[in-house]
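Here is how the chains run, residue by residue.
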Amino acid sequence: MPKELWKGNEAIAEAAVRAGLEAYFGYPITPQTEVLEYLSRRMPELGRAFVQAESELGAVNMVYGAACTGVRVMSSSSSPGVSLMMEGLSYIAGTEVPAVLINVMRGGPGLGNIAPAQSDYNQAVHGGGHGDYPRIVLAPASVQEAIDLTVLSFDLAEKYRMICMLILDGAIGQMMEPAEMPEMKPVNRKDFGWATNGTMGKRDRRLLTSIYLNPLDEEQTNLRLLTRWKQVQTHEVRYKEYFIDDAEIVIVGFGTAGRVALSAVRTAREQGIKVGLLRPITVSPFPIERLDQLTGQARAFLVTEMNTGQMLDDVQLAVHGRVPVEFYGRPGGVVPFPDEILNEIKRIASAPATAHTDARDAWLTRMTAQA
Amino acid sequence: MQKEIIIAGFGGQGVLFGGQVLAYAAMDSGKDVTWIPSYGPEMRGGTANCTVVIADHEIGSPLVKNPPLAIALNLPSFDKYESMLAPGGTLIVNQSMVDHPQRRNDIHVIMVPCNEIAEEIGDKKLMNMVAMGALLSALPEVSVKDVEKALEAHLPARHKHLLPKNYEALKRGYEHAQKEWDKVPA
């Protein structure tokens, strides 16, 4: 297929359609609304289900219901809307049905603003709904990656009977880039052994539930989820590296913060600084092993995020104090410019911090001194 | 090669579409490109801008603090981007809507009476294409022909009859800018 200029949000919507999305339930919120707007036209065109629900709570529970029938189903929202969906996500996780959720993140907490942010990393990766459940989280950094990962998210969700979230910030949702769409795939309803899609009088009835009144049964469920998660950790880690081979300073950044860092890395390389970039594509499962390897090579890490240091904790866990980890973030809906990250690279290149410095504290001190 | 361009003006002046046409032209000539709009409340308040990055490698940041190239279609955009332009950069200014000359002398400011030229062609809405033509005089990576082809390929069918006038707007803007460049001491 030839490349076309696609806006991130619309590209995700079309990619989902081509991956066989049969049902979409959502509620408008900036900077995600184009996903819903696009599908409100496209889905009925194809005879597929589109519902603008009465709220995000309604939408996520419609997703839950449709997911139980084994069809490809999705919702999308932005930060405050995703918060509203958390109860439903936990039920979906507890019922072990596949579902895809797009979060086009904006500045928070609270109503915040509609500018690009990455402040829902912890909600997506570590928590969100109640209970003990893993979920796959993908973080595209370009429109092409948003398309590819949308398609992948349906496969992963089905393969592991798990929620697969895409977290991107408003910049990628609103940006246009040349991108190639996959071929339109016909809807292929798989015959999942668990799907409650009607017995037609031909088979025994199936039960999908997240209720396990006997704690021992719930314990087994928790262990089953964790065992499945181990498979995800083994097989599904994805990341992209730039200028990493001889890098002495390794930047770790996802999504827009990662691609902004790429610009800074290029400039720093021109100035002779041996710096590279590791851009996690799966932030859950996190590329722990790769970071472990890089710890043997790098003399310092720099984590860049559009929040106050959420992925930072995961990098620190992987690096485990063996080399210094530094942090640079712009929270609240501010997108860093490359020169800000370049300044950090230069600072670390000339005067490396000690491993004992708390990265977030040191960053906060620098940030508040500027203001 | 990487070039960053900011296009700014009032909503309705064709700021976002102008940027898209440039992005299409860059894409169709085999380059990587990003186009990102301002989508915040300021869009509803009247001013709009978009940033286009053109490169022959995978583009990092889609946003730029100090662009080498910018188009200012109105006075607030002139005042804002004149101060933000990278030293040595070029600012295309819609002379029809500003009331004072440039303040910086370390950048090139090309004044183009976009409204008047567009009205001469017969459609004041073409002013964004006049400015685009002028921009191309400072952006050798994208030719007038590339933009013409992009317009032809991507203008909605119902607007196809406007192509000749769009081409003329591009040409007039380009030629006007060329004359301004001739006045710049070598």
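Everything numeric here is computed off the predicted structure, so don't read it as measured data.

**Things to note about the overall build of chain B**
Link 1 in the chain: Along chain B, the regular secondary structure elements total seven helices and six strands.
Link 2 in the chain: Starting at the N terminus and ending at the C terminus, chain B contains elements arranged as β-α-β-α-β-β-α-β-β-α-α-α-α.
Link 3 in the chain: For chain B, whose C-alpha radius of gyration is 15 Å, the value lies close to the compact-globule estimate of 16 Å for 186 residues.
Link 4 in the chain: In terms of overall dimensions, chain B has C-alpha extents of about 45 × 40 × 40 Å along its principal axes.
Link 5 in the chain: Counting the 186 residues in chain B, one finds 51% classified as buried.
Link 6 in the chain: For chain B, contacts bridging at least 24 residues in sequence account for 58% of all contacts bridging at least 6.

**Side note on the overall build of chain A**
Link 1 in the chain: The helix and strand tally for chain A stands at 14 helices and 14 strands.
Link 2 in the chain: Rg of the C-alpha trace for chain A: 21 Å, near the compact-globule value of 21 Å for 371 residues, within the 12% margin.
Link 3 in the chain: Overall size of chain A, expressed as C-alpha extent along the three principal axes, is 75 × 50 × 35 Å.

**Observations regarding the pairing of strand β13 (residues 300-305) of chain A**
All names here are of chain A.
Link 1 in the chain: Within β13, six of the six residues are buried, leaving the element largely enclosed by the surrounding structure.
Link 2 in the chain: Sheet analysis places strand β10 (residues 249-252) next to β13, joined by four bridges and oriented parallel. Among the inter-strand pairings, Ile251 is bridged to a residue of β13, identified as Leu302.
Link 3 in the chain: Note that β13 and strand β14 (residues 325-329) share five bridges and pair parallel. Of the residues in β14, the one forming a bridge with Val303 is Phe327.
Link 4 in the chain: Once you follow β13 into helix α12 (residues 311-319) and on to β14, the crossover reads as right-handed.

**Observations concerning the nonpolar core**
Link 1 in the chain: Of all hydrophobic cores here, the largest spans 182 residues; its most connected members are Val130 and Ala131 of chain B.
Link 2 in the chain: Looking at this core, you find at least three residues from each of domain 1 (4-235) and domain 2 (240-370) of chain A.
Link 3 in the chain: Beyond its immediate stretch of four places on either side in the chain, Ala131 of chain B contacts Ile71, Leu73, Ile92, Asn94, Val112, Cys114 and Gly173 of chain B.

**Quick word on the sheet that holds strand β3 (residues 49-52) of chain A**
Residues and elements named next belong to chain A.
Link 1 in the chain: In spatial order, the strands read β3-β2-β4-β5-β7-β6-β12; together these seven strands make up an open sheet with mixed pairing. Two strands bound the open sheet, and with one partner strand each, they are β3 and β12 (282-284). The mean inter-strand angle of the sheet, taken between neighbouring strand axes irrespective of direction, is 20°.
Link 2 in the chain: Alignment of strand β5 (residues 99-105) against strand β7 (residues 163-169), held across seven bridges, turns out to be parallel. Across the sheet, the residue bridging to Leu101 is Met165, located in β7.

**Focus on the sheet that holds strand β11 (residues 275-280) of chain A**
All names here are of chain A.
Link 1 in the chain: Taken in spatial order, the five strands of this open sheet run β9-β11-β10-β13-β14, and their pairing is mixed. The strands lining the two open edges of the sheet, one partner per strand, are β9 (239-242) and β14. In this sheet, adjacent strand axes meet at a mean angle of 20° when their direction is disregarded.
Link 2 in the chain: Contacts between helix α10 (residues 255-270) and the sheet are confined to β9, β10, β11 and β13, with β11 contributing the most and set at about 165° to the helix.

**Some details on unusual backbone geometry**
The general pattern is negative phi for most residues beyond glycine and trans for most peptide bonds.
Residues and elements named next belong to chain A.
Link 1 in the chain: Residue Pro31 is bonded to the preceding Thr30 through a cis peptide linkage, with omega at 5°.
Link 2 in the chain: Here Pro31 shows up in the loop between β2 (23-26) and α2 (33-45).
Link 3 in the chain: For the bond running from Gly108 to Pro109, omega is 5°, close enough to zero to count as cis.
Link 4 in the chain: With respect to the secondary-structure elements, Pro109 resides in the loop between β5 and α6 (121-125).
Link 5 in the chain: The phi dihedral of His320 falls on the positive side, at around 55°, and the residue is not glycine.
Link 6 in the chain: Along the chain, His320 turns up in the loop between α12 and β14.
Link 7 in the chain: For His320, a count of 12 C-beta atoms within 10 Å translates into the label exposed.

**Examining the packing of helix α3 (residues 56-68) of chain A against helix α5 (residues 86-95) of chain A**
Residues and elements named next belong to chain A.
Link 1 in the chain: Here α3 crosses α5 at 15°, and the two axes come no closer than 9 Å. On the basis of the axis angle, α3 is roughly parallel to α5. For the element pair α3 and α5, the recorded crossing hand is right-handed. Facing Leu57, Val60, Asn61, Val63, Tyr64, Ala67 and Cys68 of α3, the residues of α5 in contact are Gly88, Leu89, Tyr91, Ile92 and Thr95.

**Focus: the domain arrangement of chain A**
Residue and element names in this part refer to chain A.
Link 1 in the chain: By domain assignment, chain A separates into domain 1 (4-235) and domain 2 (240-370).
Link 2 in the chain: Across the contact, 26 residues belong to domain 1 and 22 residues belong to domain 2.
Link 3 in the chain: Residues belonging to the side of domain 1 that touches domain 2 are distributed by class as follows: 15 nonpolar, eight polar and three charged.

**A closer look at the environment of Ser79 of chain A**
Residue and element names in this part refer to chain A.
Link 1 in the chain: Relative to the elements of secondary structure, Ser79 occurs in helix α4 (residues 79-84).
Link 2 in the chain: Since 28 C-beta atoms lie within 10 Å of it, Ser79 is described here as buried.
Link 3 in the chain: Between the alpha carbons of Ser79 and Pro98 there is a distance of 21 Å; along the sequence they are 19 residues apart.
Link 4 in the chain: Sequence-distant contacts of Ser79, that is, excluding residues within four places in its chain, are made with Asn103, Met105, Arg106, Gly108, Gly112 and Asp120.

**Digging into the pairing of strand β3 (residues 47-55) of chain B**
All names here are of chain B.
Link 1 in the chain: With seven of nine residues buried, β3 lies mostly within the body of the structure.
Link 2 in the chain: Across six bridges, strand β2 (residues 32-37) lies against β3 in antiparallel orientation. When the bridges of β3 are listed, Asp32 appears paired with Ala55.

**Describing the confidence of the model for chain B**
Link 1 in the chain: Per-residue pLDDT for chain B has a mean of 93; in total, 96% of the residues score no lower than 70.
Link 2 in the chain: Taken element by element, chain B is modelled with least confidence in helix α2 (residues 41-45) of chain B, mean pLDDT 56, and with most confidence in strand β4 (residues 69-72) of chain B, mean pLDDT 98.

**Brief notes about helix α3 (residues 75-84) of chain B**
Note: α-helices contain 3.6 residues per turn, so residues at a spacing of three or four share the same orientation.
All names here are of chain B.
Link 1 in the chain: All of the buried residues along α3 are Ser77, Phe78 and Tyr81. All buried residues of α3 project into a common sector of 100° when viewed along the axis, lining one side.
Link 2 in the chain: For α3, the elements touching its buried residues are β1 (2-10), β3, β4 and β5 (90-94).

**Some details on helix α1 (residues 15-28) of chain B**
All names here are of chain B.
Link 1 in the chain: An ideal rise of 1.5 Å per residue puts 20 Å on 14 residues; α1 measures up with 20 Å between its terminal C-alpha atoms.
Link 2 in the chain: For α1, the tally of buried residues reaches 13 of 14 residues, placing the bulk of the element in the interior.
Link 3 in the chain: Phi turns positive one or two residues past the end of α1, at Gly30, with a value near 85°.

What counts and how
Residues numbered from 1 in each chain as written. Chains lettered and ligands numbered in written order. Predicted model: local features only at pLDDT ≥ 70, side-chain atom pairs only at ≥ 80, totals over all residues. Helix = DSSP H or I, 4+ residues; strand = E, 2+ residues; numbered from the N terminus. Rg over C-alpha atoms; globule rule 2.2 N^0.38 Å. Buried ≥ 20, exposed ≤ 12 C-beta atoms within 10 Å, placed from the backbone. Contact = placed C-beta atoms within 7 Å. Pairing = 2+ DSSP bridges. Right-handed = clockwise from strand over helix to strand, strands pointing away. Core = buried A, V, L, I, M, F, W, Y, C linked by C-beta atoms within 7 Å. Domains from an automatic or database assignment. Axes fitted to C-alpha atoms, helices over the stretch in contact; angles between N-to-C directions. Parallel < 35°, antiparallel > 145°, perpendicular 65-115°, else oblique. Left-handed = near helix turned anticlockwise from the far one by under 90°. Nonpolar A, V, L, I, M, F, W, Y, C, P; charged D, E, K, R; others polar. pLDDT = per-residue confidence, 0-100. Arc of directions from axis to C-beta. Expected span 1.5 Å × (residues − 1).

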